[in-house]
Amino acid sequence: MFDLEVLVTTERERSRKRGGLALGDPAASSGLRFKNRRPEVPASGDNKVKICHCFIRKLLCCSVRLNPDATFLSGGGSFKKGKSKEAEIKRINKELANIRSKFKGDKALDGYSKKKYVCKLLFIFLLGHDIDFGHMEAVNLLSSNKYTEKQIGYLFISVLVNSNSDLIRLINNGIKNDLASRNPTFMNLALHCIANVGSREMAEAFASEIPRVLVAGDTMDSVKQSAALCLLRLNRTSPDLVPMGEWTTRVVHLLNDQHLGVVTAATSLITTLAQKNPDDFKTSVSLAVARLSRIVTSASIDLQDYTYYFVAAPWLSVKLLRLLQCYPPPEDAALRSRLTECLETILNKAQEPPKSKKVQHSNAKNAVLFEAIALIIHHDSEPTLLVRACNQLGQFLQHRETNLRYLALESMCTLASSEFSHEAVKTHMETVINALKTERDVSVRQRAVDLLYAMCDRSNAKQIVAEMLSYLETADYSIREEIVLKVAILAEKYAVDYTWYVDTILNLIRIAGDYVSEEVWYRVIQIVINRDDVQGYAAKTVFEALQAPACHENLVKVGGYILGEFGNLIAGDSRSSPLVQFNLLHSKFHLCSVPTRALLLSAYIKFINLFPEVKATIQDVLRSDSQLRNADVELQQRAVEYLRLSCIASTDILATVLEEMPPFPERESSILAKLKKKKGPGKLPDMDDSRRSVNGSTDSTHSFTDVLNLNPAPSSGANLLIDVFSESSAPAAATDVSEENFPRFVCKNNGVIYENQLLQIGLKSEYRQNLGRMYVFYGNKTSTQFLSFSSSVSSSDLNVHSKAVDPVIEGGAQMQQILNIECVSDFSDAPVLNIQFRYGGALQNIAVKLPVMLNKFFQPTEMMSQDFFQRWKQLGAPQQEVQKIFKAKHPMDTEVAKAKILGFGVALLDGVDPNPANFVGAGVVHTKTTQVGCLLRLEPNMQAQTPNGNAAPPATDPSFPFGAGLPGSHLGICSRCRGEQGDGFVGLKGTWPKSHELKVAFDLASFLPPDGRVCERLLLRT
Amino acid sequence: MQFMLLFSRQGKLRLQKWYVPLSDKEKKKITRELVQTVLARKPKMCSFLEWRDLKIVYKRYASLYFCCAIEDQDNELITLEIIHRYVELLDKYFGSVCELDIIFNFEKAYFILDEFLLGGEAQETSKKNVLKAIEQADLSYFSFSRGWI
């Protein structure tokens, strides 16, 4: 019937002779076991109609021309790709048109045809084509009483979930009917569909029904199994909709069920539930131990079909062991010893000779073993078990199965963090180092690196670090950065003498300079600065390292910094005299990037202070056109400023300004933070004790934190070098929240919120009542891609939903992200946008405070004069009023002030205030929970514009009609500001909830002045 | 388990089963990425790899790759045997299964998977019971459809 048959007969014959299952190691049989032949109708099933076969065959013929020698249908070299794809699409379009006309035709289709066409649609969809019709026909199939029609209907729905609400209702209806049908096969289909789709709508409709099905006494076993896992799926997707209740205790007792399939399904459900509510499912522990004990002590044939390759119920055992990991070791002594016995039995079995040579036997047995070891590690309370586990894993480290070696390395990582087994793990160090050198699979080598990192302590640090360094020379590029971080951390953590540390890091830069992130070299500088015993050595070593004809830019950075600080410590030696040092650094200058050059310039000015004898040479360099007229603003400015400083400042001033860097305050290694981020939480062995002191003097009183903190440099001259980072390489590791441009957004919604050398972030926002939408535009200013770009918004008070963004921004391109914001109640902290991306190998972190303030949720309110004053007077209570007076920086311009007030969000009410010079506004702040009306007045103090020292206080001023309501203290403020140009007042009134008012008002007040133009004396009432 | 994919050596997806809600676009992206990663691996390499924050367990049977994504806490070896048990089930049902069976009878492949795994967890590990359920369904189809065959 099929022409394929001829082509594959030989193959079939061959595999028949081989006999048995067509399974097993594909490599061993040159890929023939899963053999190739025409699908055959099973002996019992001549009646199985293959509805799509003809169509599928035609499609296959479109895409593949068969070759008699080809082992596999789709194999062989005779692809005609371009043409065949076309043919496939043509064929599919023809078929789609046909189906569409059948569905639309006048004649009602019988169930069989409907099923046939729905099935074809499904197939086309699974080939990767879009399907936009047929959903209704599929839903119709649900109500068929023919099982296969129903089945295809359900399959279509499971695969092509449609959020169309009408359809969902119909689907749910079909499911409901089947659930109520008491026909177990129908019920199973319905439950499978719910579990597969798992949507919220379905959870709403069925989450309360399914527990009843699950625990009902007369439910068939197979239905119970489906119901348990269906409930598990719903609990994962919509936990809030799955009601806990009386059924939970009955679910636990399913662990005792006769039917092992029911126990298997129920254990998964209980584990998921117990992770969330451990207390409710405590009783499951004793039942699980009892069940496990029965399984591990059973003879391999006892469990009949649940025995898998001579291993008793491996899936159930793994699940039970997993469930036990939700709890601490049992307190009850008898239970505890029974569990220990189980675990011992499992460990013993690992030593027994295998009952079968099949890999399935050893896999199933070891799956249970690894899960048991995971439980032992989780309990972390039985030293003997831990050590036995460790020894067992040690055997696996040299096993011929790659999979086992991989898992042993992985599992040992967690064992290494237990105090009981740390020493035992260490005994395998040589094997692991050997694995690092000989394993052919990079993922296994990666595990070996992880394990070496985890087993490292003071006793073996030097050896492990040396091995990692030598591995780094040949390591795969994909894991180099991680190894660099690990080496840097271990070197710091276990450094006994810091000369070793300095050597290690310099080696690191030499071997893998490109993978040494900013954090690593910042850290070495922090440590050298804080430890005065290592400074001379560091200076000598970097000086020597810089002698190499080609050295990495990171080394130049470290060298420039350290020689600039401590070059004097080695200047006594004529081979490293000041001039030699300077010439050495300057020989690298032209090969370096702008940030490094900037750093070198700072090093030069420090040289001028350290070594007066090279002052003239350095001044010449600074004076050269390539510096003074450098196209880069930063370099030019530095050259000009440093040159000037060196010319005019006296030696004393120079010495003060260019003083040695003060020690850094102690903090957690930022490298460690970076590694944690890279590996994700929980994946890193416990390294908390890495907060070791690297500090010479811990009582440092200097105001700045460290190089990584990158605050804009304080004015103190001692921070000159810090300045290097804050200006040019700040984006590299900025973890500070940028709020520089924040105030600009008080009265407007669009503009640039953040910009550095790499990235520009623009905002466009719109607000309606308590909702806002913000469009964030990320502009890549470089010509290189940003990789692994991700952004998240953290907000304590607002609901902010950010749409996912593409992880790549091409050079010069812009990407848009949409944030939806909901104001729940009054708030004072603005949300923070955290951005992370990779630029040229270095990870960049940027945090920007987003300009979402309470006033964004203002809705302007128009109001008549009379209303306004009536309300204004009602709001006289002290907690309802905020006022602030401050001085003008610019003359008041009416139009500008109006625009600002409108931008602030309130309605500007014309002709309300008797004094035309005053501005009056009204608005309502919308939050989800409440609405707050607000009145606002800005009163420019015209009196103050005259330079008259004796101007009357505003309260008695005719332009101050509300002045009488002001408490005296404000008069004090007024008079203090008297004589300033363009003084103004803003009164803000409102019924603020809680005692939030003052804060809000002063926030508002503080918003206004930085813009500089509106009000210079802002009076807000509370 | 988060999802299971079956694809051929040429990278053609033959079966996909997702146990976590994802958009079609994401699914396509994940599939493309994973197929590429897995196909690039050499035969003697280990069956596990870390991918994003998931663990991938895969095994090749003749021309087909069976590939599962599991979470950090899940057991790799038992997942490997889940794959094997599924292949055994297919094999028993189709009688010496091959890639073409899964193409021609994709719906059956899905039904068998649903009987074996549900919501990403093993539902019924007994081969006999799973096949009984499937065959029962086939029989009921037979009895219902006798009228028109």
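Definitions and limits used
- Residues numbered from 1 in each chain as written.
- Chains lettered and ligands numbered in written order.
- Predicted model: local features only at pLDDT ≥ 70, side-chain atom pairs only at ≥ 80, totals over all residues.
- Heavy atoms only, no water.
- UniProt positions renumbered as here; feature names shortened; annotations may be inferred.
- Helix = DSSP H or I, 4+ residues; strand = E, 2+ residues; numbered from the N terminus.
- Buried < 20%, exposed > 50% of the residue type's maximum accessible area, 1.4 Å probe, protein only.
- Contact = heavy atoms within 4.5 Å.
- Expected span 1.5 Å × (residues − 1).
- Phe/Tyr/Trp six-rings, centres within 6.5 Å; stacked < 30°, edge-to-face > 60°.
- Lys NZ or Arg CZ within 6 Å of the ring centre and 35° of its normal.
- Salt bridge = Lys/Arg side-chain N within 4 Å of Asp/Glu carboxyl O.
- Pairing = 2+ DSSP bridges.
- Axes fitted to C-alpha atoms, helices over the stretch in contact; angles between N-to-C directions.
- Core = buried A, V, L, I, M, F, W, Y, C linked by side-chain atoms within 4.5 Å.
- Polar contact = N/O pair within 3.5 Å; in protein donor to acceptor, adjacent residues only side chain to side chain.

Looking up chain B in an unreviewed UniProt entry gives the name AP complex subunit sigma, with the organism given as Astatotilapia calliptera.

An unreviewed UniProt entry lists chain A under the name AP-2 complex subunit alpha, with Astatotilapia calliptera given as the organism. We quote the UniProt Subunit (unreviewed entry) comment for chain A here in full: "Adaptor protein complex 2 (AP-2) is a heterotetramer composed of two large adaptins (alpha-type subunit AP2A1 or AP2A2 and beta-type subunit AP2B1), a medium adaptin (mu-type subunit AP2M1) and a small adaptin (sigma-type subunit AP2S1)." Under Sequence similarities (unreviewed entry), UniProt gives the following word-for-word description of chain A: "Belongs to the adaptor complexes large subunit family."

Student: An account of the overall build of chain B is requested, with residue identities and associated values reported.
Tutor: The secondary structure content of chain B amounts to five helices and seven strands. Each helix and strand of chain B, ordered N terminal to C terminal, gives the series β-β-α-β-β-β-α-α-α-β-β-α. A burial count over chain B gives 70% of its 149 residues as buried. Within chain B, residue pairs in contact and separated by at least 24 positions form 48% of the contacts whose partners lie at least 6 positions apart.

Student: Help me get a handle on helix α28 (residues 553-566) of chain A, residues and values and all.
Tutor: Between its terminal C-alpha atoms α28 of chain A stretches 19 Å, which fits the 20 Å expected from 14 residues at 1.5 Å a residue. Of all 14 residues making up α28 of chain A, 13 are buried, and the element is well covered by its neighbours.

Student: Quick rundown of the packing of aromatic side chains? Include the residues and the values.
Tutor: The geometry of an aromatic ring pair is captured by the separation of the ring centres together with the interplanar angle, meaning the angle of the planes. Residues and elements named next belong to chain A. The full count for this structure, using the stated rule, is 25 aromatic pairs over all chains. Ring centres of Phe582 and Tyr604 lie 4.8 Å apart, and the angle between their planes is 70°; on these two criteria the pair is classed as edge-to-face. Here Phe582, found in helix α29 (residues 578-589), pairs with Tyr604, found in helix α30 (residues 594-610); they are 22 residues apart in sequence, far enough to count as distant. Residue Phe582 shares its accessibility class with Tyr604, and that shared class is buried. One aromatic cluster in this structure is built from Tyr778, Phe786, Phe789, Phe837 and Tyr839. For Lys486, the ring lying beneath its charged end belongs to Tyr453, and the centroid distance is 5.3 Å.

Student: Describe the pattern of salt bridges, with residues and values.
Tutor: Residue and element names in this part refer to chain A. Inspection of the entire model under this criterion finds 40 salt bridges over all chains. A salt bridge links Asp279 to Lys282; its shortest N-O distance comes to 3.8 Å. Residues Asp279 and Lys282 agree in their burial class; the two are exposed. The closest approach of N and O atoms between Asp457 and Lys426, which form a salt bridge, is 3.0 Å. Taken together, the residues span a long stretch of sequence, with Asp457 in the loop between α22 (442-455) and α23 (461-472) and Lys426 in helix α20 (residues 422-426) at a distance of 31 residues. The class of Asp457 is buried, set by a relative accessible area of 15%.

Student: Outline the sheet that holds strand β1 (residues 3-8) of chain B, supporting the account with residue identities and numerical values.
Tutor: Strand order across the open sheet formed by five strands is β2-β1-β5-β4-β3 (chain B), with antiparallel pairing between neighbours. With one partner strand each, in any of the chains shown, β2 (13-18) and β3 (48-51) of chain B form the two edges of the open sheet. With strand direction ignored, the average angle separating the axes of adjacent strands in the sheet is 20°. Where β1 of chain B meets strand β5 (residues 64-70) of chain B, six bridges bridge the pair, whose relative direction is antiparallel. Of the residues in β5 of chain B, the one forming a bridge with Leu5 of chain B is Cys67 of chain B. Sitting on the sheet, helix α19 (residues 402-415) of chain A touches β3 and β4 (54-61) of chain B, and the angle it makes with β3 of chain B is about 50°.

Student: Give a detailed account of the nonpolar core, specifying residues and quantitative values.
Tutor: A general feature of soluble globular proteins is that nonpolar side chains tend to end up buried together. Grouped together as the largest cluster of nonpolar side chains are 268 residues, with contacts concentrated most on Ile175 and Leu508 of chain A together with Tyr86 of chain B. With eleven residues, the top contributor of residues to this core is helix α2 (residues 76-94) of chain B. Dropping the residues within four chain positions of it, Tyr86 of chain B is found in contact with Met4, Leu6, Leu15, Phe66, Ala109, Ile112, Leu113 and Phe116 of chain B. By size, the runner-up hydrophobic cluster in this structure holds 48 residues, among which are Ile809, Ile835, Met853 and Cys934 of chain A.

Student: I'd love a proper account of the side chain of Asn196 of chain A, names of residues and values included.
Tutor: Examined against the element boundaries, Asn196 of chain A turns out to sit in helix α8 (residues 184-197). In this structure Asn196 of chain A comes out as buried when scored by relative accessible area, which is 9%. Among the polar contacts made by the side chain of Asn196 of chain A, one reaches the side chain of Lys17 of chain B at a distance of 3.2 Å. At 3.1 Å, the side chain of Asn196 of chain A and the side chain of Asp114 of chain B are in polar contact. Apart from residues lying up to four places away in sequence, Asn196 of chain A is in contact with Ser158 and Arg233 of chain A together with Lys17 and Asp114 of chain B.

Student: Talk me through the pairing of strand β15 (residues 919-926) of chain A; I want residue IDs and the actual numbers.
Tutor: Residues and elements named next belong to chain A. Here β15 lies mainly inside the structure; eight of its eight residues are buried. Burial along β15 is two-sided: Phe919, Gly921, Gly923 and Val925 and Val920, Ala922, Val924 and His926, pointing in opposite directions, are all buried. As judged from the three bridges shared by strand β12 (residues 858-860) and β15, these two strands associate in the antiparallel manner. Considered in β15, the bridge of Phe858 is made with Val925. Examined bridge by bridge, strand β14 (residues 907-908) and β15 share two bridges and lie antiparallel to one another. Across the sheet, Leu908 pairs through a bridge with Gly921, a residue of β15. One ladder, built from eight bridges, connects β15 with strand β16 (residues 931-938); its direction is antiparallel. The partner of Ala922 across the bridge, within β16, is Leu935.

Student: If you had to explain the environment of Ser199 of chain A to someone new, which residues and values would you point to?
Tutor: Summarising the element assignment, Ser199 of chain A is placed in the loop between α8 and α9 (200-206). It is 8.1 Å that separates the C-alpha atoms of Ser199 of chain A and Ser238 of chain A, two residues lying 39 residues apart in sequence.

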